[in-house]
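Below are the chains, spelled out letter by letter.
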Protein chains: 2
Amino acid sequence: MEQKDRALADMVADLARSSNVEELHDLLQNQRPEDVADLLEHLDGDTRDVVFAALDQPMASDVLPELEERVREDVLEGLEIDEVSRLVEDMDPADAADVVGDLSHADATAVLERMDPEEARELRTLLDYPEDSVGSVMSTLFVAVRADGTVGDAVETIRQRAEELGDFYYVYAVERQGRLVGVLSLKDLLLSPRARPIAELMHRDVISIRVDADREQAANVASRYDLYALPVVDPEQRLVGQVTLDEVVEIIEEETSEDMYRLVGLSEDESVFSSFLFSVRKRLPWLYVNLGTAILAASVISIFETTITKMAVLAALQSIVAGQGGNAGTQTLTIIVRGIALGELDLRNTWRALLKEFALGAANGAAIGLGIGLLVWLWHGNPWLGLVIGVAMLLNMMVAGIAGAFVPVVLRWLRIDPALASAVVVTTVTDCLGFFFFLGLATLMMPHLR
Amino acid sequence: MEQKDRALADMVADLARSSNVEELHDLLQNQRPEDVADLLEHLDGDTRDVVFAALDQPMASDVLPELEERVREDVLEGLEIDEVSRLVEDMDPADAADVVGDLSHADATAVLERMDPEEARELRTLLDYPEDSVGSVMSTLFVAVRADGTVGDAVETIRQRAEELGDFYYVYAVERQGRLVGVLSLKDLLLSPRARPIAELMHRDVISIRVDADREQAANVASRYDLYALPVVDPEQRLVGQVTLDEVVEIIEEETSEDMYRLVGLSEDESVFSSFLFSVRKRLPWLYVNLGTAILAASVISIFETTITKMAVLAALQSIVAGQGGNAGTQTLTIIVRGIALGELDLRNTWRALLKEFALGAANGAAIGLGIGLLVWLWHGNPWLGLVIGVAMLLNMMVAGIAGAFVPVVLRWLRIDPALASAVVVTTVTDCLGFFFFLGLATLMMPHLR
């Protein structure tokens, strides 16, 4: 929080404690909804409810969609269903769908029943789109004008809906059946005489996306072509919505976090202040999976218990070989998972990436293997022990390069999210083989080691 | 690549092989620059040079800034300095700065010397802004109108610069000295009579950012308030540029990737197809740092060599305790680093997050400790061995929660990037203490274990 925000937060908390609702209302009325939302997120639950109750309805409707899910749930729990319905009716359809979509099924049904039937119908359509589809993130507030009209007609349409529309830059041209046939910008309209036909002015080569496509694809297309908004069409090419660039920003933020989280076995729904039980429930399964793989790796060590009994220093050195393999494998993995997400890897160039990572594993493995080999030689005064750990390190880091690159590519080919399962598989491989290479070589060379 | 793109790519590759420059030119002339850039990125070096040479100058100027750095470097290497100067002159100043900024100092100087002096001066100003500052990412193409003018004046200004400007939504109102005093949208202009004074129409409460602020801050502000562009001012509040939303998308993508990369010791400059030597140079130092910490952890094991000689199974089980600590610590770490990046954590609520992560470590530690304890009891038929590993697991996962949460917070307080160094510190702590807890307890309980 900035200095200024903190001063405001203190003032609001004081007013809330003295239940000075009128002054609270006046103070918050002139703030931006995003700032009020931020403020609410930083207050404790009871103060928050007092402050939210002090907002008038339009402000409350603007603030709710801006709140983090966790805080919004808290706020909504304190409201009657009737109040929620009224607030939702005031929102943009896309925001309303976000809010209602997070409610329990029973609450959502109750809210929809109390709403204006026409608005409820529209909301139900939006809520029916599958999660992560373009339909679930698009806005149904857009300007469509008839392609056979004039600039003057378009300006009139915009004037009538100016209040409701908020900010927008593109105006879409549609045919009689609603089929999208062109796009123009406010700049085009502003610089053209009113009598000019839309059909002359519009760009016919319009980039659009299907309502059932993946939202990540919409984000990629919009950001690739630097579009302020991407029109959304149904299978009959009829315009049904648009994905705005602020939504694109949110999608990209979420999808990148998602990859980052999944690599370490976190759920993308978890955040710093998720409830304790939620976090336990989300993290434990992955920890149990890792426990299983750790036991597997331990059983590899068990095979060599006789060797270790003869020479306990091996037990200390084994973890260096396994750990470095894990580190190198995770680096490769992250690069490849990111390359897949950014669309840099396709069928034709994947083999190049695999080859490079294998070579990198060999080069870095040689460098690290030489370093640890010399060190162990000096430390324990036995060149053979240095040779064993050096060679095991080289082998394991080559394995790390191969596994780190192959596993996500194969998972993706199997249509499993590479970010989700790759890390577990790769570290299991580098752990098991790391122990096997090192202890196996040590067993073979035992006569020279002691 | 999509089906359609692949067909185009094949056609282009065929034409390039037969050096059919004219047909190449005609085929590519009607493509979007982003698509041509994508095509070039997927071609091998020689074919790429032939294809790039077939583009006419305006298309080449549009394509260059869209290319990945690595590919752009390749393309630029094949061009004369004179050609580069001409291409750069044709670009938007921000794009030109991107391209010239990536050149070697000598090449950049040579390019600037051959450019129009006025344009070169503007470019030098942009190049002088520190990396990661708002100045380094802003566009100097924006529309400013006099606050004491009329809507008609503004439309005239826009008309004169329409070609050069591309897409934009906001028009900034400035005073005589260039001080930013208001903002209006194209929608405002479109719906107002031409005689209306700008001063009446403009929004005075304009959100802006200082040119020397961090680019990440610009991205956060623009995305928070859903702005199409964020005006940039100098210390005297004079308008000097704007950060557009497509730039915001890029910043957010880069900063999130950066965090993800740094957590595993990768450089943010590396991508799937970075050169082999570049990747070796960037990854090796981190692997060496980790080698150091692995040796530290190994030396903890060494303390207990006598214990291990007596009971080699401990060498197999020790890595389970250390590894699970690392996994849990990395989960906590990722949540906290992300919370810091998203601005969810501030001074007031950090203690709450720390407390929660500690409690989570204890809860998950109890669950995992119980699981492995029972398993080891059954496996080895010795309840004491189960107790030792269960308790060591619980302790180490509590440590993981504390270290995973404290380390990034402390690093950030020390102004060290938490993403960069946290993982190494946390896993060193969980490795060393994991081995220490388990082998230490085992040593104490040795009479019961055998």
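Procedures and definitions
Residues numbered from 1 in each chain as written. Chains lettered and ligands numbered in written order. Predicted model: local features only at pLDDT ≥ 70, side-chain atom pairs only at ≥ 80, totals over all residues. Heavy atoms only, no water. Helix = DSSP H or I, 4+ residues; strand = E, 2+ residues; numbered from the N terminus. Rg over C-alpha atoms; globule rule 2.2 N^0.38 Å. Buried < 20%, exposed > 50% of the residue type's maximum accessible area, 1.4 Å probe, protein only. Areas by Shrake-Rupley, 256 points an atom, 1.4 Å probe, with all protein chains shown as cover. Lys, Arg positive; Asp, Glu negative; His and termini not counted. Charge placed at Lys NZ, Arg CZ, Asp CG, Glu CD. Axes fitted to C-alpha atoms, helices over the stretch in contact; angles between N-to-C directions. Parallel < 35°, antiparallel > 145°, perpendicular 65-115°, else oblique. Left-handed = near helix turned anticlockwise from the far one by under 90°. Nonpolar A, V, L, I, M, F, W, Y, C, P; charged D, E, K, R; others polar. Pairing = 2+ DSSP bridges. Least-squares fit on C-alpha atoms with pLDDT ≥ 70 in both. Contact = heavy atoms within 4.5 Å. Phe/Tyr/Trp six-rings, centres within 6.5 Å; stacked < 30°, edge-to-face > 60°. Lys NZ or Arg CZ within 6 Å of the ring centre and 35° of its normal. Core = buried A, V, L, I, M, F, W, Y, C linked by side-chain atoms within 4.5 Å. Buried area = accessible area lost by both parts, 1.4 Å probe. Salt bridge = Lys/Arg side-chain N within 4 Å of Asp/Glu carboxyl O. Polar contact = N/O pair within 3.5 Å; in protein donor to acceptor, adjacent residues only side chain to side chain. Patch = residues over 30% accessible without salt bridge, like charges linked within 9 Å, V, L, I, M, F, W, Y side chains within 5 Å. Arc of directions from axis to C-beta.

Participant: Give a detailed account of the overall build of chain A, specifying residues and quantitative values.
Facilitator: Scanning chain A for helices and strands turns up 23 helices and 6 strands. For 450 residues, the compact-globule formula gives about 22 Å, and the C-alpha radius of gyration of chain A, at 30 Å, lies well above that figure. In terms of overall dimensions, chain A has a C-alpha envelope of 95 × 60 × 40 Å along the principal axes. Looking at the 450 residues of chain A, the share that counts as buried comes to 56%. In the form shown here, chain A has an accessible surface area of approximately 19,300 Å², with 54% of it arising from carbon and sulfur atoms. Charge separation in chain A, taken as the distance between the mean sites of 36 positive and 73 negative side-chain charges, equals 9 Å.

Participant: Report on the packing of helix 21 (residues 383-413) of chain B against helix 22 (residues 418-449) of chain B, specifying residues and quantitative values.
Facilitator: Residue and element names in this part refer to chain B. As a packed pair, helix 21 and helix 22 sit with axes 8 Å apart at the nearest point and diverge in direction by 160 degrees. By the angle class used here, helix 21 and helix 22 are roughly antiparallel. Note on packing geometry: the crossing formed by helix 21 with helix 22 is right-handed. Of the residues assigned to the contact of helix 21 with helix 22, the class counts are 25 nonpolar, 6 polar and 1 charged.

Participant: Requested: an account of the sheet that holds strand 2 (residues 170-174) of chain A, with residues and values cited.
Facilitator: Note: strands within a sheet are paired through backbone hydrogen bonds, in either parallel or antiparallel orientation. Residue and element names in this part refer to chain A. Read from one edge of the open sheet, 3 strands run 1-2-3, paired in mixed fashion. Each of the sheet's edge strands pairs with one partner strand only, and the pair in question is strand 1 (144-146) and strand 3 (180-185). If you compare each strand with its neighbour and ignore which way they point, the axes differ by 35 degrees on average. Of the strand pairs in this sheet, strand 1 and strand 2 are connected by 3 bridges, and their pairing is parallel. Looking at strand 2, one finds that Ala144 is bridged to Tyr172.

Participant: An account of the relation of the copies chain B and chain A is needed here, citing residue identities and associated values.
Facilitator: Laying chain B over chain A is done by rotating through 180 degrees and shifting 0.0 Å along the axis; what remains is an RMSD of 0.1 Å. Expressed as a symmetry operation, the mapping of one chain copy onto the other fits a two-fold axis. Among all residues of chain B, the one whose C-alpha sits closest to the rotation axis is B:Thr309, at a distance of 2.3 Å.

Participant: Outline the sheet that holds strand 6 (residues 239-244) of chain A, listing residues and values.
Facilitator: All names here are of chain A. Across the sheet, 3 strands lie side by side as 4-5-6; this open sheet has mixed pairing. Either end of the sheet is taken by a strand with one partner, and the two such strands are strand 4 (209-210) and strand 6. The pairing of strand 5 (residues 229-233) with strand 6 spans 5 bridges and is classified as antiparallel. Its bridge partner being in strand 6, Val233 is matched across the sheet by Leu239. Here helix 15 (residues 215-224) sits on the sheet and contacts strand 4, strand 5 and strand 6; the angle it forms with strand 5, its principal contact strand, is near 135 degrees.

Participant: Give me the lowdown on the packing of aromatic side chains, citing residues and values where you can.
Facilitator: For the structure on display, the rule yields 13 aromatic pairs over all chains. Relative to B:Tyr172, the ring of B:Phe142 has its centre 6.5 Å away and its plane inclined at 70 degrees; by these criteria the two rings are edge-to-face. Here B:Phe142 is found in the loop between helix 11 (134-137) and strand 1 (144-146), whereas its partner B:Tyr172 is found in strand 2 (residues 170-174), with 30 residues between them in sequence. A residue is classified by how much of its surface remains accessible, and B:Tyr172, at 1% relative accessible area, is buried. Here the aromatic residues A:Tyr169, A:Tyr170, A:Tyr228, B:Tyr169, B:Tyr170 and B:Tyr228 are joined through ring pairs into a cluster of three or more. A cation over an aromatic ring shows up here: A:Arg32 above the ring of B:Tyr225, its NZ or CZ 5.5 Å from the ring centre.

Participant: So what's going on with the nonpolar core? Residues and values would help.
Facilitator: Among the nonpolar cores identified, the biggest contains 190 residues, and A:Val88, A:Leu186, A:Leu189, B:Val88, B:Leu186 and B:Leu189 are the most heavily contacted of them. Ignoring any residue separated from it by four or fewer positions in sequence, one finds B:Leu186 in contact with A:Tyr169, A:Leu186, A:Lys187, A:Leu190, B:Ile158, B:Phe168, B:Tyr169 and B:Val171. Residues A:Leu284, A:Val300, A:Met311 and A:Met445 belong to the second largest nonpolar core, which totals 93 residues.

Participant: So, the pairing of strand 6 of chain A: which residues are in play, and what are the values?
Facilitator: The buried fraction of strand 6 of chain A amounts to 5 of the 6 residues, a majority that puts the element mostly inside the structure. Taking the residues between adjacent antiparallel strands as the criterion, strand 5 of chain A and strand 6 of chain A are bridged by 5 residues, where A:Gln237 takes a positive phi near 70 degrees.

Participant: Let's hear about unusual backbone geometry: which residues, and what values?
Facilitator: Located in the positive-phi region is A:Arg415, a residue other than glycine, with phi close to 65 degrees. By relative accessible area, which is 79% here, A:Arg415 ends up exposed. Phi is positive for B:Asp226, which is not a glycine, with a value near 50 degrees. As for its placement among the helices and strands, B:Asp226 is situated in the loop between helix 15 (215-224) and strand 5 (229-233).

Participant: Pulling in residues and values, what's your account of the interface of chain B and chain A?
Facilitator: Every contact between the two is made by 113 residues of chain B and, on the other side, 113 residues of chain A. Of the roughly 10,800 Å² buried where chain B meets chain A, counting both sides, 63% is carbon and sulfur surface. Viewed at the interface, chain A and chain B are joined by 8 salt bridges. Here B:Asp35 makes a salt bridge to A:Arg224, at a shortest N to O gap of 2.9 Å. Summed over the shared surface of chain B and chain A, the number is 46 residue pairs in polar contact (both at pLDDT 80 or more). Looking at the side of chain B that touches chain A, the element that brings in the most residues is helix 19 (residues 313-341) of chain B, giving 17 residues. Residues of the side of chain B that touches chain A, tallied by class, amount to 59 nonpolar, 26 polar and 28 charged.

Participant: I'd like to hear about the environment of A:Asp14, residue by residue, with values.
Facilitator: All names here are of chain A. Mapped onto the fold, Asp14 is located in helix 1 (residues 3-17). With relative accessibility at 46%, the residue Asp14 sits in the partly exposed group. Sequence spacing of Asp14 and Thr47 is 33 residues, and the spatial spacing of their C-alpha atoms is 9.4 Å.

Participant: Account for the pattern of salt bridges, with residues named and values stated.
Facilitator: All names here are of chain B. Counting across every chain of the model gives 50 salt bridges over all chains. The residue Glu175 makes a salt bridge to Arg179 at a minimum N-O spacing of 3.2 Å. On the accessibility criterion, Glu175 (36% relative accessible area) is partly exposed.

Participant: Explain the pairing of strand 3 of chain A to me, using residue names and the numbers behind them.
Facilitator: Residue and element names in this part refer to chain A. Of all 6 residues in strand 3, 6 are buried, a share of seventy percent or more. Of the strand pairs in this sheet, strand 2 and strand 3 are connected by 5 bridges, and their pairing is antiparallel. Bridged to Val174 within strand 3 is Leu180. The turn linking strand 2 back onto strand 3 is made up of 5 residues, and Gly178 within it adopts a positive phi angle of 90 degrees.

Participant: Which residues make up a nonpolar patch on the surface, and what values go with them?
Facilitator: All names here are of chain A. The grouping of Phe358, Ile402, Phe406, Val410, Trp413, Leu414 and Ile416 at the surface amounts to a nonpolar patch, some 670 Å² of accessible area in total. No other element matches the 4 residues that helix 21 (residues 383-413) contributes to the nonpolar patch. With respect to the element layout, Phe406 can be found in helix 21.

Participant: Please provide a residue-by-residue account of helix 15 of chain A, values included.
Facilitator: Residues and elements named next belong to chain A. Among the residues of helix 15, Arg215, Ala218, Ala219, Val221 and Ala222 are the ones counted as buried. Down the axis, helix 15 shows its buried residues gathered within 165 degrees of arc, on one side only. Residues of helix 15 that are buried in the fold lie against helix 11 (134-137), strand 4, strand 5, strand 6 and helix 16 (245-263). In this structure Asp214 caps helix 15, since a side-chain oxygen of it lies 2.9 Å from the backbone nitrogen of Glu216. Just beyond helix 15, the residue with positive phi is Asp226, at close to 50 degrees.

Participant: For the environment of A:Tyr170, give the residues involved together with the corresponding values.
Facilitator: Here A:Tyr170 lies in strand 2. Relative accessible area serves as the criterion here: at 11%, A:Tyr170 is assigned to the buried category. A C-alpha to C-alpha distance of 60 Å links A:Tyr170 and A:Gly371, two positions 201 residues apart in sequence. Dropping the residues within four chain positions of it, A:Tyr170 is found in contact with A:Val183, A:Leu184, A:Leu227, A:Tyr228, A:Ala229 and B:Asp167. Side-chain polar atoms of A:Tyr170 contact the backbone nitrogen of A:Tyr228, separated by 3.4 Å.

By themselves, these figures tell us nothing about what the structure is for.
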